[in-house]
Amino acid sequence: MHDIAKDQPVKKGQNPFATKAVKLKRRDRTISVALGAATYFILACTLYIFADITFKGIPVVFKTEAPFVNFEFFTKSPETLMTFETEGGETYKMNFSEYSQFKRDSPDVNIVEEHSHAYSGGGIFGPLVGTALLTIICITVALFVGLATAIFLNEYATKGRFMDSIRLAIMNLAGVPSIVFGLFGLMFFCLFIPVVTSEPLERSFLAIPLGGGSYFSFEGWGTCMLAGGFTLAVMILPVVIAACEESLKAIPMGFREASLALGATKWQTISKAVLPYAFPGMLTASILGITRVAGETAPIMFTAALAHKDKLPWQDVPTTPGSNFVAQAAEWGTGFLSQSVQAMPYHIYTVAARIPQSEYTKPMQYGSVFVFMVLVMTFAALSIFLRIRYRKKLKW
Amino acid sequence: MSLNDEKKTPENEKDGRVVFRRKGFQFLGMGLQDYIRVFFGGNASLAIIVLILICLFLLREAAMFFPDHHQGLKSYRQGGQELVGYVSDEVDAHTKVYSSANIAYFAEVGRTSIHEDKQLRAYRTVLANVEQSTKYTWARLERYLDEAEDLNDDVEDLREDIEEASADAEADAEDLKKDQAELAEIEARLKQLEPLIAKEREQLEKEVQTALGTSRVWDLDIAARGLSDEELSMVREAVVFEAYPDAEDEHESIQNLKQVSRDKKAAEAERLADFKETLNGIRDSIRPMKSLYGEMKDISVANRREIDAFSTAPARRAALLAGVEQTDDPAEKERMQKQADEVVIVEPDYDAINEPLYALVPQHGELAGPLQDEMNKLFRQLPQEVETKSARENMKRAAVYYERFDNTVTNNRDRILDWRHDAPLSLWTSTTSFMFGKHWITNSSWHDFYGLLPLFTGSLLISIIALTVSVPFAVAAAIYVNQIARFKEQSFVKPAIEFIGAIPSVVLGFFGILVFGEALRNISQLEWLQWVPGFPMAERLTILNAGLLLAFMAVPTIFTLTEDALNNVPAAFSENSLALGATKLQTVFRVIVPTAVSGIIAAILLGFGRIIGETMVVLLVAGNKIKIPDFTEGLGVVAQPAHTMTGIIAQELGEVDSGSLHWRALFMVGMVLFVISLLVNWAAQRTLKRLQKI
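A quick note: this is a predicted structure, and the numbers were derived from the prediction, not measured. (Residues numbered from 1 in each chain as written. Chains lettered and ligands numbered in written order. Predicted model: local features only at pLDDT ≥ 70, side-chain atom pairs only at ≥ 80, totals over all residues.)

Helix and strand content of chain A: 14 helices and 6 strands. Here the C-alpha atoms of chain A give a radius of gyration of 30 Å, more than 25% beyond the 21 Å that 2.2 N^0.38 yields for 396 residues. In terms of overall dimensions, chain A has a C-alpha envelope of 115 × 85 × 40 Å along the principal axes. Taken across its 396 residues, chain A has 38% of its residues classed as buried. (Helix = DSSP H or I, 4+ residues; strand = E, 2+ residues; numbered from the N terminus. Rg over C-alpha atoms; globule rule 2.2 N^0.38 Å. Buried ≥ 20, exposed ≤ 12 C-beta atoms within 10 Å, placed from the backbone.)

Rendered as structure tokens:
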């Protein structure tokens, strides 16, 4: 008896009975693995970026001893950081305001070796507030217009040239580079949009007298948060419209038909039978909008943002004392909205590229990027989560 | 109530069977419902209005850009600067030939001393790094040492004084006493300093040792790598020796190395004496042309000043007259009025001011021929065979530049002879000089050029890199997620990739500037990657860096749209294919992907739109050098810095006066971007329509 297998050992891959299909299968598997590898490579890159920023940012934002959070970083605005050494050989590191205080308190201390690091001291309160204000203005405007547009497209419009051109315009608007929106915002909101004023500026295109010493002047709002917010709103309009439309489309036709059949008017149908159910979708739309808007730098560079600002927007808004409350409130509101603000993305741009780098600028850089990223990513995660949940739930 | 009553029209009354009667508010024949509809429609048409407004505002600036730009070019011609520009091109082209050949020469000379230079380089790098990390202690110690030295000098002086005074009987006893007191004081201070110095020295020693222990200090670039342990310890010793403010001359071994390197270079230079002589010949050959250029330049600059003074005169006068009306002070008024009267508005005599330039043209003709002949001769004398890699590359470059130089001179000969300052300048020329201009030079004392080409090439190169990298990854990921991955995996990977789209671009730019740029440069210096074109990279901020980051940014866009396209392929297609016995992947690649191909193309196009319009990443990472990248390096061009269309707007718009030519030029760039985005969108929609026809 002799063993066939011993005489002719069948090696792996040399199976005489192997059909083409096996080869094919092996090739299929290789390609699948390659495709999967490409996918996970992308995810690995993402993870690496997050990890890098997180590891370097956490020491700035958190502390090892109680209360564990670096509150100063969140409650102060960016300042110049001073590092210096006194004659005794002691080194100091303090914000500019503390530094002037220090010099006043101890005039006999002889300072040698002094360095200043712009924007590297203090915290990020100013930019956070600015970004929040810009985002609020932007989302208010964008959601209002976006929802109205979505309602028109989904509830009113019938197929035709008007609707086609609106859709085309929205689609093209979505592709316009953000910097072009910045140019548009600068020309339109900052320098052109008409305002009622008692003294038209020299740059005004056209000032129409209204009587009583006031003019309807095409001079724009100037560089301010209102202009920035509106510019951003125009930019995210396509995103908001798309999200709102999706939420309206998800509502079954039967709701509308039932309402109309009961004798409700079109508007009653929309307001009572459609909009309430579209609410979660609108929430998703606004969060999606926040994600897009908070990170944008280019459109606010010339329309709203400032690298340095001493005061917070609500401090020292001028009002005329003695006038009645409503007039004062209106004046305060206008004054408040027509201020330029600091903003997180612009602040990051400033500390990353416009100041000389040193080891003292690093904490501010990584701290702001970390906080900003966590904020934006939270909103992004929320919007993705909401969308998935909403889609699952929406099975009427 | 009354409104309702009015609306009850007689017909309705009569009819009596009306079920649906229009009720409520009516105005101009439209009811409330109609107005609500109009309100929503109005909001919807805002998208159209905004698009039209963008067009209008950009067009307005563009319409105002071209006349000003045309006027600027006209002044450039009328002042004779255009003519001088031709000569300047020749001189520049020559300089490029010379400098490339020169670099090659030095690479050759340093050929035999490479090893010594490597050690010296390592030594310098490490020393600089150590000094950087110990700079505060260093500065303190230096201060104490300086003080001690000054005090020691003082002590000597005082001692001499005292000696003299005590020898001299007539000297003032008071003075002597004072000197002695001062001496005592200084000596006390010196004594005080001693422990301080010792302490700081100890501290510095410790810090130097710590610094040498870290790997960051030993982070050498490629030109200083590959040393043996022995050599490294030598470097270390020399660094420790030198890392104090009061260190004497350099360590012996370093001095030796320097000497050896010098000797070897000298020997090599002797061998290459012919090379050097030819180089000097090349350098000297341009001298006459250069001095002619200088002469012509002075004339044309003066001309231009005269022309500019003429063109701004009315505005200056108007400003002064406006000032006269506004001031109340009579003396000031009179002064301004006088100044305004002094502003003369006389058009310069263009023929006369260009006369001296025309007189120099024949001289140029006399110089150009011999220069070309001499360069031809000298260039042939350059050694064709060189040893080192750098020398070979630079000689190749020099050959390309020589070709360009020769062509420039040949082409310019007729151009310079035919040049007329009063030749008409067509609007077409001024348009093409924007669209295809090779220079973007602003705030220049010579002439401001607004040429789009450097910015456009930068944007395009970055986009091409980004697309080549991101398309394979994004499409592969889309196929994987849509066709291969199981449901659980799908529902995790898809949101994760969409998540990337939410990363703010400024954060990515920040990452690129602080982390990725450095990492990329380190990778480019790895020994086994030197075959890659453009490696090793000298810069952190390059086209490649920006391109790779943008590739990452474009992944979610391309991925999502591709995935949608794959999803839209009818299930019957794949079912049929599988039923015919095709494997899963055969079905994917031969049936599904080809069916979805127009959707994938649309996805790539939209990804391109996203990349070319991206601002912050390129502004932070691309290096912002306004120059057409040097394509003589082949694919290595990606290791150079560049500027982009989006970046230039973001960088310069904030710094220019509104309404100036520069400002309008930036709006023109914005307009080009806008048109590109519209074109990309249009193309994407067309391809998508094809998909829908299936």
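For chain B, the helix and strand inventory stands at 25 helices and 4 strands. The C-alpha radius of gyration of chain B comes to 38 Å, more than 25% above the 26 Å expected for a compact globule of 694 residues. With the principal axes as the frame, chain B shows a C-alpha extent of 145 × 85 × 75 Å. Long-range contacts, defined here as pairs at least 24 residues apart, represent 79% of the contacts in chain B between residues at least 6 apart. (Contact = placed C-beta atoms within 7 Å.)

Further remarks concern the sheet that holds strand β1 (residues 78-86) of chain A. Hydrogen bonds between backbone groups are what pair the strands of a sheet, and the pairing can be parallel or antiparallel. All names here are of chain A. Taken together, the 3 strands give an open sheet; going across it, the order is β2-β1-β3, and neighbouring strands pair in antiparallel fashion. Of all strands in the sheet, those with a lone pairing partner are β2 (91-95) and β3 (111-122), marking the two edges. Averaged over all neighbouring strand pairs, the angle between strand axes comes to 20°, with direction disregarded. Bridge count between β1 and β3: 8 bridges; the pairing is antiparallel. Looking at the pairing, Leu 81 lines up with His 117 of β3. (Pairing = 2+ DSSP bridges. Axes fitted to C-alpha atoms, helices over the stretch in contact; angles between N-to-C directions.)

It is worth spelling out the pairing of strand β6 (residues 214-218) of chain A at this point. All names here are of chain A. Of the two faces of β6, only the one carrying Tyr 215 and Ser 217 is buried; Ser 214, Phe 216 and Phe 218 on the other face are not. The sheet contact formed by strand β4 (residues 194-197) and β6 spans 4 bridges and is antiparallel. By the bridge assignment for β6, Val 196 is matched with Phe 216. Sheet topology places strand β5 (residues 207-211) next to β6; 4 bridges connect them, and they run antiparallel. Bridge assignment links Ile 208 to a residue of β6, and that residue is Phe 216.

Residue and element names in this part refer to chain A. An order of β4-β6-β5 is seen for the 3 strands of this open sheet, with the pairing classed as antiparallel. Two strands in the sheet have a free side with no partner beyond their single neighbour: β4 and β5. Direction aside, neighbouring strands of the sheet carry axes that sit 20° apart on average.

Let us now look at the domain arrangement of chain A. Interface size is commonly expressed as the accessible surface area that is lost when the partners come together. Residues and elements named next belong to chain A. Once the domains are mapped, chain A shows domain 1 (19-61), domain 2 (71-122) and domain 3 (125-393). Measuring from the centre of the C-alpha atoms in domain 2 to the corresponding centre in domain 3 gives 39 Å. In this assembly, 12 residues from domain 2 lie in contact with 11 residues from domain 3. Those elements that place two or more of their residues in the side of domain 2 that touches domain 3 are α3 (71-75), β1 and β3. Take the side of domain 2 that touches domain 3: its biggest share by element is 4 residues, from β3. When grouped by side-chain class, the residues that make up the side of domain 2 that touches domain 3 number 6 nonpolar, 5 polar and 1 charged. (Domains from an automatic or database assignment. Nonpolar A, V, L, I, M, F, W, Y, C, P; charged D, E, K, R; others polar.)

Our focus in this paragraph is unusual backbone geometry. Glycine aside, the phi torsion of most residues is negative, and most peptide linkages are trans. Residues and elements named next belong to chain A. Despite not being glycine, Tyr 119 has its phi angle at roughly 60°, a positive value. Looking at where Tyr 119 falls in the secondary structure, it is placed in strand β3. According to the C-beta neighbour criterion, Tyr 119 is buried, with 22 such atoms within 10 Å.

The description of two helices packed together rests on the angle between their axes and the distance between the axes. Residue and element names in this part refer to chain B. For the pair helix α13 (residues 350-381) and helix α14 (residues 389-418), the least separation of the axes is 10 Å and the interaxial angle reads 160°. In this view, α13 runs roughly antiparallel relative to α14, as classed from their interaxial angle. α14 is crossed by α13, and the crossing has left-handed handedness. Residue-level contacts link Val 361, His 364, Gly 365, Ala 368, Leu 371, Gln 372, Met 375 and Phe 379 of α13 to Tyr 402, Phe 405, Asp 406, Val 409, Arg 413, Ile 416 and Leu 417 of α14. Looking at the contact of α13 with α14 residue by residue, the classes come out as 10 nonpolar, 3 polar and 2 charged. (Parallel < 35°, antiparallel > 145°, perpendicular 65-115°, else oblique. Left-handed = near helix turned anticlockwise from the far one by under 90°.)

As a further point, take the interface of chain B and chain A. Each partner contributes residues to the interface: chain B has 69 residues there, and chain A has 70 residues. In terms of residue count, helix α3 (residues 32-78) of chain B provides more of the side of chain B that touches chain A than any other element does, 16 residues in total. For the side of chain B that touches chain A, the per-class residue count stands at 48 nonpolar, 16 polar and 5 charged.

Our focus in this paragraph is helix α17 (residues 487-500) of chain B. Residue and element names in this part refer to chain B. Its 14 residues give α17 an end-to-end C-alpha distance of 21 Å, which sits within 8% of 20 Å, the value for a rise of 1.5 Å per residue. Among the residues of α17, those classed as buried are Val 493, Lys 494, Ile 497 and Ile 500. One side of α17 carries all its buried residues, which in axial view fall inside an arc of 115°. In α17, those exposed residues whose orientation departs by more than 90 degrees from the buried face are Phe 487, Lys 488 and Phe 492. (Expected span 1.5 Å × (residues − 1). Arc of directions from axis to C-beta.)

Residues and elements named next belong to chain B. In the contact formed by helix α6 (residues 135-167) and helix α7 (residues 173-213), the axes pass within 8 Å of each other and the chain directions differ by 155°. What the angle tells us is that α6 and α7 run roughly antiparallel. Every pair of crossing elements has a handedness; the one defined by α6 and α7 is left-handed. Tallied by class, residues from the contact of α6 with α7 come to 18 nonpolar, 4 polar and 12 charged.

A separate point is the environment of Val 195 of chain A. Residue and element names in this part refer to chain A. In this fold, Val 195 is placed in strand β4. With 17 C-beta atoms counted inside 10 Å, the residue Val 195 sits in the partly exposed group. Counting along the chain gives 22 residues from Val 195 to Ser 217, while the straight-line C-alpha distance between them is 5.4 Å. Apart from residues no more than four positions distant in its own chain, Val 195 is found in contact with Ser 217, Glu 219 and Trp 221.

Its place among the elements puts Arg 686 of chain B in helix α25 (residues 661-693). With 84 residues separating them along the chain, Arg 686 of chain B and Ala 602 of chain B place their C-alpha atoms 8.4 Å apart.

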